[in-house]
Amino acid sequence: MSLIPEGKEKLLKPGAMNARRSLVEAELVSSVGWMIELRWIAGAGVLLATWVVENLFRLDAAEWPLYAIGLTILAYNLVFYLQKRLLNHRAAPISAYYRLAKWQVALDWLAITLLIYFSGGIESPVIFFFFFHIIIASILFPPRTAFGFTLLAIVLLTGTALLEYFGILPHSPIGGFLESPLYQNGLYVSAMLLFFSSTALITAYLVTSIQERLRAREEDVVNLSESLQRATVRLQALNEGARTVGSTLELAQVFNRLVRTTAEAMGVQACTIRLLDQSGQRLEPVAVYGLSQTYLNKGPVEVESNALARQVLSGKIVNVPDVINSPLIQYPEEAKQEGIRSMLSAPLANMEGPLGILRAYAVEPNRFTPDDEAFLAAIAAQGSIAIENALAYQAVAALEQSKSQFVRMVTHELRSPVSVIRSLLRTLTGGFAGGLTPQQKDILERAAHRAEFLQGLIDDLLDMAAGKAEVRGRETPEPVALRTSLEKIVRRFEVSAREKDIQLEWIDRSDDDPVAVLGTKDGIDRIFNNLVSNAMKYTPPEGKVTVRLARVNGEAQVTIEDTGIGVPEDAMQHLFEEFYRAPNAKEMEREGTGLGLTIVKDLITRMGGHISVKSTQNVGSQFTVTLPIHQDESKQDAGEAQDQPQNAMA
Amino acid sequence: MTNKKILIIDDDPDQRLSLRLPLESAGFSVHEAANSAQGLVAVKQGIPDLIILDVMMDTATAGFQVALDLHSADPTSNYKEFRKTPIIMLTAIHSTTPLRFAPDDDYLPVEVFFEKPVDPDVLLAKIRELLG
């Protein structure tokens, strides 16, 4: 997954120059097209104007040459149009467009000169049209070319005027336009040429200088947008880094993402993270992006013999502008072979001291700017936090694991003797060791009863300890059909319901769907066995317990409703706490560990579900369990899973 | 029913006692072994009609090894004449702990699994059923 969207990457990677050139290029390409479009109108305009002059104004012009010029303009414009399409199609280099533009201007110059000649030469009102052309050329070309064309215009007009003045070229006026011809009026001709030349040059100067300034602005804009883009990419990288640091506690994953993100965001060849080993003397690469194995195998990076490492580990950001001449570099030859010319290194550290080095590598010398230094420092700070977090997490996980193991071991050690005590008591109360007086039997039964309670407590503790350990995924969840599980549980309580005179109702609204959820069969059984058992326990005779299964909003919903003693309002918030028992529950049932609901909630949470309670004291309680439905390709499997023999070891 | 020999393999003497009393009062002849090795020797010597086997002894799964040895399908097994001797396995391992076991022909060839403590009446009923 790349951080940088395709387009941005392209813009950034080849460097700033390309982006700038491509903008000017794009402008030239579009100008060539624009000129061709305008020329269709110009050509047609010449034809129309000639016709208008002849037929509406009834003036006498050299109409056939003028028509010919108009048609010629259209004809060569067609050639240009086709040529441009060809260039576009071939994605021709910019020089081809440049040549095309020059040809266009040159031919236009000729055409307008002829137009001027055939409409009266120095007397022609068409002369003013030359200024449009000068403006266009000045916009399109660099100043030198623009002035060249302007001078050409002056030469062409002056040549025409002089040739006519000296009678070398016949005068071709628009008959009826002027009372008396001016083309041989020396004062008029020289004044006209002087003003035309100066106006043309001033126009060229003004337009080119405006254009220069516009170009400079444009460059600024490109620069600015580039630096914005870079900033965006870096912000994204930082943001991504922060999210990585927050979301992943696997160190290797954090490191790999950091180096890749950093290299991509800075647009450089490579990036590495090296951490100090146990001895604190050697730096080992833990994450590498963009470097060859050969380079990594170049040799050990010992703090002792690596001046750069020492400087960075002391907390400095070190920029090596050129590895070839730097005294800091331990392996300059290897770096050169790898194609690395500059390096930027930032320290990774925590409160206790240096941890390692984050380093970026570039193929160009002098690649890293102060901006880059600040950026790498920010990434390194995040990396340091990531290391800190991951190490803390590892420590907590290990602690939790050993705690669970300890609890499990202890409870197991507790369970064995209690179980033996119960066995022995049973042989006595069962009369297998001789007869007992009623009182003796009563005492032994009381002892057995207490031992039984103790065992229940130990079992619950064992469950909790096991539950916490299972968070690491010891038991693999599988699709379990809720309907089958619930039917079993309800059947299990049917006898005690009859004995206690409680109406036990099972309402299945699953519509022939087994309602598979992802969990362990034991887990599901414990959850609902516990909830139904509670409902039965705390519901007085002649009451009612209802178990209901339904799909609600795409989730499995099981409600266990009773008409029992209910939960007092102030007990509600403690209901799922370990060892908590509501006072009215204690009153009704003296024994109980207060762990049942804690375990139930723990199991449900681990299955991605939740449990809620509604209750009114002396009216009843309603426990609602919501579990995510397992989306399986074959619902059949989920239904059958319940009937398969249990695996020997789950 | 009488004179049927039952071997109890369990490292806990109290547990053995609690099993022995009901079995003897039901008329069985009871032999005891305190670990796997003793158990296997006793099997060879006493040729019991039924074995009650604890899972956790020297190791957490020592009982399983005994059951696998006794019921091995391997025709060269040292204990091939005991392949049909029914085994009742006792476990103190609570059902929802990660180490959970249930009879499985492929994995563990035992007839019955009982979680401790075992109700003597249930145990006796099962034994009578197994011994026909």
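Residues numbered from 1 in each chain as written. Chains lettered and ligands numbered in written order. Predicted model: local features only at pLDDT ≥ 70, side-chain atom pairs only at ≥ 80, totals over all residues. Heavy atoms only, no water.

(A) Structural view of the overall build of chain A. Scanning chain A from N- to C-terminus turns up 18 helices and 13 strands. The proportion of buried residues among the 650 residues of chain A is 44%. Considering only residue pairs separated by 6 or more positions, chain A has 69% of its internal contacts joining residues 24 or more positions apart. For chain A, the accessible surface area stands at approximately 33800 Å², while carbon and sulfur atoms represent 58% of it. (Helix = DSSP H or I, 4+ residues; strand = E, 2+ residues; numbered from the N terminus. Buried < 20%, exposed > 50% of the residue type's maximum accessible area, 1.4 Å probe, protein only. Contact = heavy atoms within 4.5 Å. Areas by Shrake-Rupley, 256 points an atom, 1.4 Å probe, with all protein chains shown as cover.)

(B) Seen up close, the overall build of chain B. In terms of helices and strands, chain B carries four helices and five strands. Along the chain direction, N to C, the helices and strands of chain B fall in the order β-α-β-α-β-α-β-β-α. Sorting the 132 residues of chain B into buried and exposed places 52% on the buried side. Considering only intrachain contacts with a sequence separation of at least 6, the fraction spanning at least 24 residues in chain B is 65%. Roughly 5800 Å² of accessible area belongs to chain B as shown, and the carbon and sulfur atoms make up 49% of that amount.

(C) Representation of the packing of aromatic side chains. All names here are of chain A. In total, this model carries 14 aromatic pairs over all chains according to the counting rule given. Taken together, a centroid distance of 6.3 Å and an interplanar angle of 65° make the contact between tryptophan 40 and tyrosine 81 edge-to-face. Separated by 41 residues along the polypeptide, tryptophan 40 in helix H2 (residues 16–55) and tyrosine 81 in helix H3 (residues 63–90) bring together distant segments of the chain. Overall, tryptophan 40 belongs to the partly exposed group, its relative accessible area being 31%. Of the residues examined, tyrosine 81 reaches a relative accessible area of 33% and is grouped as partly exposed. Note on phenylalanine 131 and phenylalanine 196: the rings are 5.4 Å apart at their centroids and 45° apart in plane angle, and the pair reads as tilted. Here phenylalanine 131, found in helix H5 (residues 129–140), pairs with phenylalanine 196, found in helix H7 (residues 186–247); they are 65 residues apart in sequence, far enough to count as distant. We classify phenylalanine 196 as buried; its relative accessible area is 4%. Aromatic rings pair up to connect Tyr98, Trp109, Phe130, Phe131, Phe141, Phe149 and Phe196 into one cluster. Here the guanidinium or amino end of lysine 298 rests over the ring plane of tyrosine 295, the centre of that ring lying 4.4 Å away. (Phe/Tyr/Trp six-rings, centres within 6.5 Å; stacked < 30°, edge-to-face > 60°. Lys NZ or Arg CZ within 6 Å of the ring centre and 35° of its normal.)

(D) Region of interest: the nonpolar core. Residue and element names in this part refer to chain A. The biggest cluster of nonpolar side chains holds 47 residues, and the ones touching the most others in it are Val105, Trp109, Ile116, Phe130, Leu140, Phe141 and Phe196. When residues no more than four places from it in sequence are discounted, the contact partners of leucine 140 are Leu28, Ser31, Met35, Ala101 and Arg215. Ranked by size, the runner-up nonpolar core spans 46 residues in total, among them Met536, Val545, Ile604 and Phe623. (Core = buried A, V, L, I, M, F, W, Y, C linked by side-chain atoms within 4.5 Å.)

(E) Structural view of helix H3 (residues 62–70) of chain B. Among the residues making up H3 of chain B, those that are buried are Ala62, Gly63, Phe64, Val66, Ala67 and Leu70 of chain B. For H3 of chain B, the secondary structure elements touched by its buried residues are strand E1 (5–9), helix H2 (36–46), strand E3 (50–54), strand E4 (87–91) and strand E5 (112–115) of chain B.

(F) Seen up close, the sheet that holds strand E12 (residues 610–616) of chain A. All names here are of chain A. Read from one edge to the other, the open sheet built from five strands follows the order E8-E10-E11-E13-E12, with strand pairing classed as mixed. Both outer strands of the open sheet, strand E8 (503–509) and E12, are each paired with one neighbouring strand and no more. Across the sheet, the mean angle from the axis of one strand to that of its neighbour is 10°, orientation sign disregarded. Sheet topology places strand E11 (residues 555–562) next to strand E13 (residues 620–628); eight bridges connect them, and they run antiparallel. Bridging from a neighbouring strand, alanine 556 pairs with leucine 627 of E13. The sheet contacts of helix H14 (residues 482–500) involve E8, strand E10 (544–552) and E11, and relative to E8 the element is tilted by about 165°. (Pairing = 2+ DSSP bridges. Axes fitted to C-alpha atoms, helices over the stretch in contact; angles between N-to-C directions.)

(G) View of the sheet that holds strand E2 (residues 282–289) of chain A. Residues and elements named next belong to chain A. A sheet is described by the order of its strands in space; here six strands give the open sequence E3-E2-E1-E6-E5-E4, paired in antiparallel fashion. A single partner strand is all that each edge strand has here, and the edge strands are strand E3 (301–302) and strand E4 (318–320). Relative to strand E6 (residues 353–362), strand E5 (residues 342–350) runs antiparallel, the two sharing nine bridges. Bridge pairing in E6 links alanine 349 to proline 354.

(H) Examining empty space enclosed by the protein more closely. Within this structure, the stated rule accounts for three cavities of 30 Å³ or more. The calculated volume of the largest cavity comes to roughly 90 Å³. Surrounding the largest cavity, Arg274, Tyr295, Lys298, Val301, Asn306, Leu308, Leu328, Ile329, Gln330, Tyr331, Met343 and Arg359 of chain A form its lining. Its residues assigned to classes, the lining of the largest cavity shows seven nonpolar, two polar and three charged. Mapped onto the lining of the second largest cavity, the elements with two or more residues apiece are helix H12 (370–429) of chain A together with helix H1 (13–25) and helix H4 (120–130) of chain B. Per element, the largest residue contribution to the lining of the second largest cavity is four residues, and it comes from H1 of chain B. Partitioned by chemical class, the residues of the lining of the second largest cavity number five nonpolar, four polar and no charged. (1 Å grid on protein atoms, 1.4 Å probe; cavity = no way out; pocket = protein on both sides within 12 Å on 5 of 7 lines; lining within 4 Å. Points joined across faces, edges and corners; volume = space filled by probe spheres on them. Nonpolar A, V, L, I, M, F, W, Y, C, P; charged D, E, K, R; others polar.)

(I) Layout of unusual backbone geometry. Here lysine 116 of chain B and proline 117 of chain B are connected by a cis peptide whose omega angle stands at -5°. Along the chain, the position of proline 117 of chain B falls in the loop between E5 and H4. Residue aspartate 501 of chain A is not a glycine yet carries a positive backbone phi of 60°. With respect to the helices and strands, the residue aspartate 501 of chain A is situated in the loop between H14 and E8. Positioned with a positive phi, valine 515 of chain A is a non-glycine residue whose angle comes to about 55°. Structurally, valine 515 of chain A is set in the loop between E8 and strand E9 (516–519). By relative accessible area, which is 0% here, valine 515 of chain A ends up buried.

(J) Geometry of a nonpolar patch on the surface. Residue and element names in this part refer to chain A. The grouping of Trp34, Leu38, Trp40, Ile41, Leu78, Tyr81 and Leu82 at the surface amounts to a nonpolar patch, some 660 Å² of accessible area in total. If you list the elements that add at least two residues to the nonpolar patch, you get H2 and H3. Ranked by residue count, the leading element in the nonpolar patch is H2, at four residues. Note that isoleucine 41 resides in helix H2. (Patch = residues over 30% accessible without salt bridge, like charges linked within 9 Å, V, L, I, M, F, W, Y side chains within 5 Å. Salt bridge = Lys/Arg side-chain N within 4 Å of Asp/Glu carboxyl O.)

(K) Expanded view of the packing of helix H15 (residues 521–537) of chain A against helix H17 (residues 596–606) of chain A. All names here are of chain A. Where H15 meets H17, the closest approach of the two axes is 9 Å, and the angle between their N-to-C directions is 140°. Judged by the twist between their axes, the crossing of H15 over H17 is left-handed. Contact residues: H15 offers Gly523, Arg526, Ile527, Asn530, Leu531 and Asn534, while H17 offers Gly596, Leu597, Ile599, Val600, Leu603 and Ile604. (Left-handed = near helix turned anticlockwise from the far one by under 90°.)

(L) Fine view of the layout of surface pockets. Residue and element names in this part refer to chain A. The computed volume of the second largest pocket comes to approximately 770 Å³. Lining the second largest pocket are 32 residues; nearest its centre among them are Ala42, Val46, Leu115, Val126 and Phe129. By residue number, the principal contributor to the lining of the second largest pocket is H2, which donates ten residues.

(M) Structural context of the environment of leucine 17 of chain B. All names here are of chain B. Inspection of the secondary structure assignment puts leucine 17 in helix H1. Accessibility expressed as a relative area gives 39% for leucine 17, which makes it partly exposed. The sequence separation of leucine 17 and glutamate 32 amounts to 15 residues, and the corresponding C-alpha distance is 9.4 Å.

(N) Up close: the confidence of the model for chain B. Residue and element names in this part refer to chain B. For chain B, per-residue confidence averages 80 on the pLDDT scale, and 84% of positions sit at 70 or higher. For chain B, the element scoring lowest by mean pLDDT is E5, at 81; E1 scores highest, at 93. Across the assembled chains, the prediction reports ipTM 0.77 with pTM 0.44. (pLDDT = per-residue confidence, 0-100.)

(O) Seen up close, the side chain of threonine 427 of chain A. Relative to the helices and strands, threonine 427 of chain A resides in helix H12. Relative accessible area serves as the criterion here: at 2%, threonine 427 of chain A is assigned to the buried category. In this structure the side chain of threonine 427 of chain A is engaged in a polar contact, spanning 2.5 Å, whose partner is the backbone oxygen of leucine 424 of chain A. When near neighbours in sequence (up to four residues on either side) are disregarded, threonine 427 of chain A contacts Phe432 and Ala433 of chain A together with Ser18, Leu21 and Pro22 of chain B. (Polar contact = N/O pair within 3.5 Å; in protein donor to acceptor, adjacent residues only side chain to side chain.)

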